[in-house]
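Next come the chains, spelled out residue by residue.
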Amino acid sequence: MTPAPPNAAGDLFAANLTGALLAVASSAFIGVNFIVKKKGLRRAAAAGARAGVGGYGYLLEPLWWVGMVTMLIGEIANFVAYMFAPAVLVTPLGALSIIVSAVLAHFTLNEKLQRMGVLGCVLCIVGSTVIILHAPEEETPRSVTQIWHLATQPAFLCYAVSALVISLILILHCAPRYGQTNIVVYVGICSVIGSLTVMSIKAVGIAIKLTIEGINQAGYFQTWLFATVSATCIIIQLIYLNKALDTFNTAVVSPIYYAMFTSLTILASAIMFKDWSGQSISSIASEICGFLTVLTGTVVLHSTREHDPTLSSDLYAPLSPIYWHIQGTGETGGKLKEGDLLSGDFITVVRQDYFV
């Protein structure tokens, strides 16, 4: 976006500060959401099919819905934050949700946070602070048609088409084959679709803000198109994020999702809204360094966390004991199932790993 004139600098700084505070509050709620939903998914898995293998029993689990409420509050705060501040500022602050989820997982899910994990949390906070201090001041479009013009630029159209093609490949080809073993598949779907979600949500948010200010945007078809895209993308994200959380450790999902989602969202916003237009090289370099610091913190935090053993136990069901008849000559006479009648000439082999 075109930088604002100097006399509007104070208002833009206040808008950035408001957006940053809302983003921090959003991260707190979303961090809690990860933990509460994880506990709900575990309860649902104990009663039926896991979400990771296509089960939807979690929809009947009250704790999962509590997580949904906290997520909804966090997403609303995040939604409003995009009305005031650029995506380059709001999106990286999502790293704070990783700190919240890591600390809570340590106490409630027995996913231990090591000492180096604390260093990762500190790096996330330092990087987020650098991003806030050097965030660009973005002038808000005055109508949804201006946003539509930005969204239909050739550069952003190329990005949007590429994102859709990659998402379809991941959903239709990769997810059925590798989704249960490769975390990048589910998280990749959430991240690629998520970058489009943020762009459309920002457009809807600006339209709502302008309408509240007296410039009605409800009469433009673009407003409803952006709203439809937002709702569709959110549903897709929700489905595959549930699959990722149920299949893999929260400590693994959170940082990888953050890194991929934030990187793609910053790229999409830079293409569509031209966030870095008019900024000095030093400010852009500081933002990039801040983001890399946050990313380093997430990697450190991830590398010091324990892996979830649940997946392997679910994938490989224990084998039933096999009984072998040892004849007097020492030869094997045959094998019987557990329910067969046994005589004194039978011995039981109980080491199941002999038959894996």
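Residues numbered from 1 in each chain as written. Predicted model: local features only at pLDDT ≥ 70, side-chain atom pairs only at ≥ 80, totals over all residues. Heavy atoms only, no water.

Participant: Just to check I follow, could you spell out the overall build of the chain for this structure?
Facilitator: Of the regular secondary structure elements, the chain holds 12 helices and three strands. Going through the 356 residues of the chain one by one, you find that 47% of them count as buried. For the chain, the share of sequence-separated contacts (at least 6 apart) that also reach a separation of at least 24 residues comes to 81%. Total accessible area on the chain stands at roughly 17300 Å², and carbon and sulfur atoms take up 69% of it. (Helix = DSSP H or I, 4+ residues; strand = E, 2+ residues; numbered from the N terminus. Buried < 20%, exposed > 50% of the residue type's maximum accessible area, 1.4 Å probe, protein only. Contact = heavy atoms within 4.5 Å. Areas by Shrake-Rupley, 256 points an atom, 1.4 Å probe, with all protein chains shown as cover.)

Participant: Whenever I open this one, the packing of helix α2 (residues 62–84) against helix α8 (residues 183–212) confuses me. Can you help?
Facilitator: If you want to describe how two helices pack, look at the angle between their axes and the distance between the axes. At a closest axis distance of 8 Å, the pairing of α2 and α8 adopts a crossing angle of 70°. Judged by the angle between their axes, α2 and α8 are roughly perpendicular. In this structure, α2 contributes F79, Y82, M83 and F84 to the contact, and α8 contributes V198, I201, K202, V204, G205, I206, I208 and K209. Its residues placed into classes, the contact of α2 with α8 shows nine nonpolar, one polar and two charged. (Axes fitted to C-alpha atoms, helices over the stretch in contact; angles between N-to-C directions. Parallel < 35°, antiparallel > 145°, perpendicular 65-115°, else oblique. Nonpolar A, V, L, I, M, F, W, Y, C, P; charged D, E, K, R; others polar.)

Participant: Got a minute to help me understand the packing of α8 against helix α9 (residues 221–247) in this structure?
Facilitator: Relative to each other, α8 and α9 sit at 150°, their axes nearing to 8 Å. By the angle between their axes, α8 is roughly antiparallel relative to α9. In this structure, α8 meets α9 at a crossing whose hand is left-handed. Partitioning the contact of α8 with α9 into residue classes produces 19 nonpolar, seven polar and one charged. (Left-handed = near helix turned anticlockwise from the far one by under 90°.)

Participant: I would appreciate a short explanation of the nonpolar core in the present structure.
Facilitator: As a rule of thumb, soluble globular proteins bury nonpolar side chains together. In this structure, F156, M199, V253 and M272 are the most contacted members of the largest nonpolar core, which totals 76 residues. It is α8 that contributes the most residues to this core, 16 residues altogether. A domain split of this core shows at least three residues from each of domain 1 (10–138) and domain 2 (142–274). If sequence neighbours within four positions are ignored, M272 has contacts with I147, L150, A151, Q153, F156 and M199. (Core = buried A, V, L, I, M, F, W, Y, C linked by side-chain atoms within 4.5 Å. Domains from an automatic or database assignment.)

Participant: Sorry if this is basic, but what is going on with the pattern of salt bridges here?
Facilitator: Between side chains of opposite charge, a pair can form when the charged atoms approach closely. Counted by the stated rule, this structure contains one salt bridge. Linking E213 and R142 is a salt bridge whose minimum nitrogen-to-oxygen distance equals 3.9 Å. Taken together, the positions of E213 in the loop between α8 and α9 and R142 in the loop between α5 (115–133) and α6 (144–151) put the pair 71 residues apart, joining distant regions of the chain. On the basis of relative accessible area, R142 is assigned to the partly exposed category, the value being 43%. (Salt bridge = Lys/Arg side-chain N within 4 Å of Asp/Glu carboxyl O.)

Participant: Please explain the layout of surface pockets as it appears in this structure.
Facilitator: To find leftover empty space, a probe the size of one water molecule is rolled over the atoms. Reported here for the largest pocket is a volume of approximately 810 Å³. I30, E75, N78, Q237 and Y257 are, among the 33 residues lining the largest pocket, the residues nearest its centre. Elements with a contribution of two residues or more to the lining of the largest pocket: α1 (9–47), α2, α4 (95–108), α8, α9 and α10 (250–272). Here the lining of the largest pocket gets eight residues from one element, more than from any other, and that element is α2. Residues of the lining of the largest pocket, tallied by class, amount to 20 nonpolar, 12 polar and one charged. Built from parts of two domains, the lining of the largest pocket gets at least three residues from each of domain 1 (10–138) and domain 2 (142–274). In this structure, the second largest pocket spans a volume of roughly 440 Å³. For the second largest pocket, the lining is made up of 22 residues, of which F156, A160, L164, L196 and V229 are closest to its centre. Going through the elements one at a time, α6, α7 (154–178), α8 and α9 are the ones with two or more residues in the lining of the second largest pocket. (1 Å grid on protein atoms, 1.4 Å probe; cavity = no way out; pocket = protein on both sides within 12 Å on 5 of 7 lines; lining within 4 Å. Points joined across faces, edges and corners; volume = space filled by probe spheres on them.)

Participant: I tried to follow the packing of aromatic side chains on my own but got confused; where do I start?
Facilitator: The geometry of an aromatic ring pair comes down to the distance between the two centres and the angle between the two planes. Considering all chains together, one arrives at six aromatic pairs under this definition. The interplanar angle of 65° and the centroid separation of 5.7 Å between the aromatic rings of W148 and F221 together place this pair among those described as edge-to-face. Of the two residues, W148 is situated in helix α6 and F221 in helix α9; the sequence distance between them amounts to 73 residues. In this structure W148 comes out as partly exposed when scored by relative accessible area, which is 27%. On the basis of an interplanar angle of 25° and a centroid distance of 5.5 Å, the ring pair of Y257 and F261 is categorised as stacked. Here the residue Y257 and the residue F261 both occupy positions in helix α10, the gap between them amounting to four residues, near one helical turn. Judged on exposure class, the residue Y257 and its partner F261 are both buried. (Phe/Tyr/Trp six-rings, centres within 6.5 Å; stacked < 30°, edge-to-face > 60°.)

Participant: Whenever I open this one, the confidence of the model for the chain confuses me. Can you help?
Facilitator: Predicted coordinates in areas of low pLDDT are best not read in detail. On average, the chain scores 79 in pLDDT, and the residues at 70 or more come to 79%. Of all secondary-structure elements in the chain, the lowest mean pLDDT belongs to helix α12 (residues 310–315), at 41, while α7 reaches the highest, 95. Taken as a whole, residues 308–328 scores under 50 in pLDDT and shows 44 contacts with residues more than four places along the chain or in a different chain. Note that pLDDT drops below 50 for residues 332–356; the model gives that stretch 38 contacts with residues more than four away or on any other chain. (pLDDT = per-residue confidence, 0-100.)

Participant: I'm lost on the environment of T181 in this one. Help?
Facilitator: Within the fold, T181 resides in the loop between α7 and α8. T181 sits in the exposed class, given a relative accessible area of 60%.

Participant: Which parts of the structure should I look at to understand the environment of F248?
Facilitator: Its location among the elements puts F248 in the loop between α9 and α10. Remark: the alpha-carbon pair of F248 and N182, spanning 66 residues in sequence, is separated by 9.3 Å.

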